[in-house]
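Geometric and topological summary
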Amino acid sequence: MANVVEFIKESYDEMLHKVSWPTWSELQNSAVIVLVASVIIALMILAMDESAGNLLKFFYRSVA
């Protein structure tokens, strides 16, 4: 049990004094970049999905 308490104390000390936390503006900039990248990737996946679906529909109509 003493090891667990020591671990928690050391972790708390490290989080306060050794970790470099981003500023609020850096955090907002990073969040915007992640949001934009997520939207771009989602649109790319949507385009690929729609293209594949349309290609399969065209193929099935031409075969049938």
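Below is a summary of the structure that appears in this document. This one's a predicted model, so the numbers in the text were calculated from it and none came from an experiment. (Residues numbered from 1 in each chain as written. Predicted model: local features only at pLDDT ≥ 70, side-chain atom pairs only at ≥ 80, totals over all residues. Heavy atoms only, no water.)

**A word on the packing of aromatic side chains**
- By the definition in use, this model includes one aromatic pair.
- Taken together, a centroid distance of 5.9 Å and an interplanar angle of 55° make the contact between F59 and Y60 tilted. (Phe/Tyr/Trp six-rings, centres within 6.5 Å; stacked < 30°, edge-to-face > 60°.)

**With respect to the environment of D13**
- Inspection of the secondary structure assignment puts D13 in helix α1 (residues 2–17).
- For D13, a relative accessible area of 36% translates into the label partly exposed.
- A distance of 2.8 Å separates the side chain of D13 from the side chain of H17, its partner in a polar contact. (Helix = DSSP H or I, 4+ residues; strand = E, 2+ residues; numbered from the N terminus. Buried < 20%, exposed > 50% of the residue type's maximum accessible area, 1.4 Å probe, protein only. Polar contact = N/O pair within 3.5 Å; in protein donor to acceptor, adjacent residues only side chain to side chain.)

**Things to note about a nonpolar patch on the surface**
- Taken together, the side chains of V32, V36, I40, I41, M44, I45 and M48 define a hydrophobic patch exposed on the protein surface, amounting to about 670 Å² of accessible area.
- Along the chain, I45 turns up in helix α2 (residues 24–63). (Patch = residues over 30% accessible without salt bridge, like charges linked within 9 Å, V, L, I, M, F, W, Y side chains within 5 Å. Areas by Shrake-Rupley, 256 points an atom, 1.4 Å probe, with all protein chains shown as cover. Salt bridge = Lys/Arg side-chain N within 4 Å of Asp/Glu carboxyl O.)

Function-wise, these values are silent; they only describe arrangement.
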